[in-house]
4 protein chains.
Amino acid sequence: MTVIKFLSKPKLKNAVLIEGLPGVGNIGRVAVSYLIEELKAKKFATLYSKWFFPFVMLHETYKIHLLKNEFYYWKAKKRGQRDLVLLVGDCQSLSPQGHYEIAEKILDLAEKVGVKEVITVGGLATGELEETGVIGAVTDEKLLKKYEKYDIDFNAGEKVGYIVGAAGLLLGLWKHRGKDGLCLLGQTAGFPIVTDPKAAEEVLNVLVEILNLKIDMTKLEKRVKEMEDFIKKVESLQKKALMDLTKAHEKPEKKDESLRYIG
Amino acid sequence: MTVIKFLSKPKLKNAVLIEGLPGVGNIGRVAVSYLIEELKAKKFATLYSKWFFPFVMLHETYKIHLLKNEFYYWKAKKRGQRDLVLLVGDCQSLSPQGHYEIAEKILDLAEKVGVKEVITVGGLATGELEETGVIGAVTDEKLLKKYEKYDIDFNAGEKVGYIVGAAGLLLGLWKHRGKDGLCLLGQTAGFPIVTDPKAAEEVLNVLVEILNLKIDMTKLEKRVKEMEDFIKKVESLQKKALMDLTKAHEKPEKKDESLRYIG
Amino acid sequence: MTVIKFLSKPKLKNAVLIEGLPGVGNIGRVAVSYLIEELKAKKFATLYSKWFFPFVMLHETYKIHLLKNEFYYWKAKKRGQRDLVLLVGDCQSLSPQGHYEIAEKILDLAEKVGVKEVITVGGLATGELEETGVIGAVTDEKLLKKYEKYDIDFNAGEKVGYIVGAAGLLLGLWKHRGKDGLCLLGQTAGFPIVTDPKAAEEVLNVLVEILNLKIDMTKLEKRVKEMEDFIKKVESLQKKALMDLTKAHEKPEKKDESLRYIG
Amino acid sequence: MTVIKFLSKPKLKNAVLIEGLPGVGNIGRVAVSYLIEELKAKKFATLYSKWFFPFVMLHETYKIHLLKNEFYYWKAKKRGQRDLVLLVGDCQSLSPQGHYEIAEKILDLAEKVGVKEVITVGGLATGELEETGVIGAVTDEKLLKKYEKYDIDFNAGEKVGYIVGAAGLLLGLWKHRGKDGLCLLGQTAGFPIVTDPKAAEEVLNVLVEILNLKIDMTKLEKRVKEMEDFIKKVESLQKKALMDLTKAHEKPEKKDESLRYIG
């Protein structure tokens, strides 16, 4: 039960999917959300799944919303640009196997609307304030040539060795379909910083250059501040909700002598 | 494997589904059970699921019962009233993904018998004795207008931010089907109080007014006392059973030197 | 993936299924295994499932066996007896939802070969040496009349309130199919006793009387001793194997500074 | 969602599947990988599954790879040899039920390409340096006769009693299909040794004799050293990734007083 509901079915040409779901430092979420706003991209589909947390969020203090991932599109305005599909959302899968199932659904949608390449955006928590810059990984050697002119360090393997969740699986499964993709990871000091506007800006700069876009960056820091409260709240709620869900696992009271073991 | 078995298939007009499954303070369970009794509503379907605890209950010391959710209906007696479907039960899903699957099955049934609106009833444990009153949340802004004349505080988001399990998911998924609903949460001090008759009464008062019903409230406290013993026992059993189930995870005895690691 | 493989398809009349899978004190397993031996019942089907532990057992030091449940049948020899299906096995489901799925498969098989009634056999660990005797529970009031003439205490609800796993679910789900059944629980002091020959004998005595069988009980204690070593080993192995499986959850070594967090 | 992708579909005669997935001491992985290299076996299929860890690996510091199992084949060169299918990979299932599902998929593939017999290779951690040699187990008594002439100790049952994961389940399920197989376990002192070249060599010697192959063993130790760094890294990453995945289970910060319990 992973369901995608379409508001419209855009027909795109040679499009790129840019993924920015929640993750380390929320760098992908911040960067892709900012792109959506600045490009005035249009929402065309939502995805919800039994693999998400089993609760609803309240927006504006009273409005009920399922946890969801959302797809936006934007059509190229001039030569050298490409049509875009932008993916953001409230959460990723709660269970390991759900990650694979949701990633497959996302790629099915991508193929259906004309996506040819996938770029995922994430973060790398280095634990050190002075380490910055964008780390990259690709599905194939030929991509390395295509992207080496940008300010990306392709020694990700030395620093990390693996990429967890959507940022990694979307590319691994996309490659399995014989297609190409790029992962961009912003380096950040990591916890307890929830969102790192500087790291998000660095990734955005690379992304904007690759996609040949013109984006006003001056509002980014202000937007990150606005988002941060919401993101902090959601993360706190998810942890709290998960604890509520697992409350049943607590020990029953010792005094209940009438309970005996049976089977 | 979530199965619904029908005893009869009522045809209802413009009906409202009222959900009162176990949850915080058992406020929904108490309120909806009381409605069922006072209205003499008729049972028409039962639901059981592999997502429930894997054990059976013994009623009257010797009769075996699967854990189940039960659906009752009641037909409007006069103008201004609406046909009702009332949902109560022994438990909710044991696993996160089960919550979504069961909620979808419940909504499928609701659509089949003519339900147009969903009202879920739950509790909010504030930890403070002096906080009382009914908190509300809705699927859409227009519902706010419809319900603002009742004694409901629609600032739920400020106090809670999310609604876990059936009380939330039924509405989130119902909204996804393009339909409307309301969640009513009774504020209660919370643990160690198992059931809070006062909080349940407050929610019932609002519910009865919305549904334009006439209900004798004088027996509520007595009924809550009667239910409390049963509820306490079930909750204790569920915790105990869950521990039995996970017993296999205990460490084997240290002395068993003949056991070696292999794979 | 729960698979039943038939060696033959017996056609039985008005048969009773007797379940004796592993559980408290292994009373069901011991009692039903003894019945199978003494009656020289014939194996006709095996069941294995992805819900069992993911390992194989070694019999006679070198022969590989999947964990399995096994079905035997025995045809009535004289008036007043009934055809029997006897169910024993190495284990029950490792996961809560697996219990429901396996129980449904067992009942499908039971219906297919002509079973009309189900009797499950289990144990009740009271923690007290002096409490003995057989506790009973049924799916319906009319069964109480049928079985009250035997030496069964039908106040199980007072002592236990619930029945975990196959002994309970087979009857709960069987009742849901509109059919009848009985659960017999031998009272035992419980851990650390692995198998309790006295409790098993008490249940066997009741079972033999209900089924109108003639069974030589003199070899029971000797057989229990023989089984006990095997049962102890299997239980130890299951715990050990489960720990091996979850080893991946252990913390990585602290010293591996080169590992960083990413996503 | 366990998917096998074929690069080619070899037609083999009377072939043997040799399994060497990760496990105790990585003896199977080391031994079968070495065979693949020395025989210059050809890759013909890859398997990935939602039951694997939800992350991708980075090879050569920048290339993204799904976790996978890989199938190679080699055709017999002379009389007395048999066609081979060789199975190696990055990991086994993360969840118990996944082990069964993946094993069934592997055996489906095996039957499709002409495999008649399965040999699984694993390790047995004895905790004692002086215990060496190869332990064996088989699916049927007649195999004992076939293999007793080789240097295999068929008292595995005395030492271990069970075989976890692919090394065991592939044989248990293969036997259930009415077919034959052999398990070879190299004895090793166990942790903290990650790979034990000596134990791997002992198993390889037996395997090479059974399969009537000529393999140059002189490069084994060197190869094991080379593999060891990679294997250590992968295992560390898997543990680290699993911890990242379960981070959501951590307690929320105590100070967040605005969070309340609801449901």
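## Thoughts on the overall build of chain A
Assigned secondary structure in chain A consists of seven helices and 13 strands. With 263 residues in all, chain A has 50% of them scored as buried. A fraction of 76% describes how many contacts in chain A between residues 6 or more apart in sequence connect residues 24 or more apart.

## Thoughts on the interface of chain B and chain D
Every contact between the two is made by 20 residues of chain B and, on the other side, 20 residues of chain D. Counting only elements with at least two residues in the side of chain B that touches chain D, the list comes to β8 (115-125), β11 (162-164) and β13 (261-262) of chain B. For the side of chain B that touches chain D, the leading source of residues is β8(B), giving four residues. Residues belonging to the side of chain B that touches chain D are distributed by class as follows: 10 nonpolar, eight polar and two charged.

## What to know about the environment of E228(A)
All names here are of chain A. Structurally, E228 is set in helix α7 (residues 220-245). Taking the C-beta count within 10 Å as the criterion, E228 has 16 such neighbours and is therefore assigned partly exposed. Each C-alpha atom, one on E228 and one on I102, is 26 Å from the other, the two residues being 126 residues apart in sequence. Each residue touching E228, except ones within four places of it in the same chain, is listed here: V194 and T195.

## Notes on the confidence of the model for chain A
Residue and element names in this part refer to chain A. Of the residues in chain A, 90% reach a pLDDT of 70 or more, and the chain-wide mean stands at 87. Low pLDDT (under 50) marks residues 248-260, which in the prediction has 19 contacts with non-local residues, meaning those over four places away or in another chain. For this predicted complex, the interface confidence reaches an ipTM of 0.87, while the overall pTM sits at 0.90.

## Observations concerning unusual backbone geometry
Residue and element names in this part refer to chain D. If you check the backbone angles, N14 has positive phi at about 50° while not being a glycine. Mapped onto the elements, N14 comes out in the loop between β1 (2-6) and β2 (15-19). The phi torsion at T61 lies on the positive side, around 70°, for a residue other than glycine. Residue placement: T61 occurs in the loop between β4 (55-59) and β5 (63-66).

## Remarks on the relation of the copies chain B and chain D
Between chain B and chain D, the superposition needs a rotation of 180° and an axial shift of 0.0 Å, giving an RMSD of 0.0 Å. Such a combination of rotation and displacement between the chain copies is what one expects of a two-fold axis. Distance from the rotation axis, computed per C-alpha, reaches its smallest value in chain B at S95(B): 7.6 Å. Interface residue correspondence from chain B to chain D reaches 100%, placing this contact among same-surface, isologous pairings.

## Details of the pairing of strand β5 (residues 63-66) of chain A
Where strand β4 (residues 55-59) of chain A meets β5(A), four bridges bridge the pair, whose relative direction is antiparallel. Opposite L58(A), over in β5(A), you have I64(A) as the bridge partner.

## Examining the packing of helix α1 (residues 27-39) of chain B against helix α6 (residues 197-211) of chain B
All names here are of chain B. It is at 9 Å that the axes of α1 and α6 come closest, and there the two elements cross at 50°. Considering their axes alone, α1 and α6 lie oblique with respect to each other. Note that α1 runs across α6; the crossing there is right-handed. Two secondary-structure elements touch here, α1 through I27, V30, A31 and Y34 and α6 through A199, A200, V203, L204 and L207. A per-class count over the contact of α1 with α6 returns nine nonpolar, no polar and no charged.

## Considerations on the environment of V16(B)
Note that V16(B) resides in strand β2 (residues 15-19). Those residues in contact with V16(B), other than ones at most four positions away along the chain, are R82(B), L84(B), V115(B), E117(B), I119(B) and L211(B).

## A look at the nonpolar core
In terms of nonpolar packing, the biggest core is built from 324 residues, with L86(A), L86(B), L86(C) and L86(D) touching the most fellow members. The contact partners of L86(D), leaving out residues within four places of it in the chain, are I18(D), V32(D), L35(D), I36(D), A41(D), Y72(D) and W74(D).

## Comments concerning the pairing of strand β2 (residues 15-19) of chain A
All names here are of chain A. Buried residues dominate β2, accounting for five of its five residues. Burial of the side chains of β2 extends over both faces: A15, L17 and E19 are buried on one face and V16 and I18 on the other. In this structure, β2 lies alongside strand β8 (residues 115-125), joined through five bridges in parallel fashion. If you follow E19 over to β8, its bridge partner there is T120. Bridge count between β2 and strand β7 (residues 84-89): four bridges; the pairing is parallel.

## Side note on helix α2 (residues 96-113) of chain D
Residue and element names in this part refer to chain D. With 18 residues, α2 extends 27 Å from end C-alpha to end C-alpha; this agrees with the ideal 26 Å at 1.5 Å per step. Those residues of α2 that sit buried are P96, Q97, G98, H99, Y100, I102, A103, I106, L107, L109 and A110. Residue G114 follows α2 closely and has a positive phi angle near 100°.

## Thoughts on helix α1 (residues 27-39) of chain A
Note on helix geometry: an α-helix contains 3.6 residues per turn, so any two residues three or four positions apart are oriented the same way. Taking 1.5 Å per residue, 13 residues should reach 18 Å; α1(A) reaches 18 Å between its end C-alpha atoms and fits that length. Two residues or fewer after α1(A) comes K40(A), characterised by a positive phi angle close to 50°.

## A few points about the environment of G89(A)
All names here are of chain A. When you line up the elements, G89 lands in strand β7. Taking the C-alpha atoms as reference points, G89 and K112, separated by 23 residues in sequence, lie 20 Å from one another. The residues touching G89, leaving out its near neighbours within four places in the chain, are L21, K68, N69 and E70.

Procedures and definitions
- Residues numbered from 1 in each chain as written.
- Chains lettered and ligands numbered in written order.
- Predicted model: local features only at pLDDT ≥ 70, side-chain atom pairs only at ≥ 80, totals over all residues.
- Helix = DSSP H or I, 4+ residues; strand = E, 2+ residues; numbered from the N terminus.
- Buried ≥ 20, exposed ≤ 12 C-beta atoms within 10 Å, placed from the backbone.
- Contact = placed C-beta atoms within 7 Å.
- Nonpolar A, V, L, I, M, F, W, Y, C, P; charged D, E, K, R; others polar.
- pLDDT = per-residue confidence, 0-100.
- Least-squares fit on C-alpha atoms with pLDDT ≥ 70 in both.
- Pairing = 2+ DSSP bridges.
- Axes fitted to C-alpha atoms, helices over the stretch in contact; angles between N-to-C directions.
- Parallel < 35°, antiparallel > 145°, perpendicular 65-115°, else oblique.
- Left-handed = near helix turned anticlockwise from the far one by under 90°.
- Core = buried A, V, L, I, M, F, W, Y, C linked by C-beta atoms within 7 Å.
- Expected span 1.5 Å × (residues − 1).

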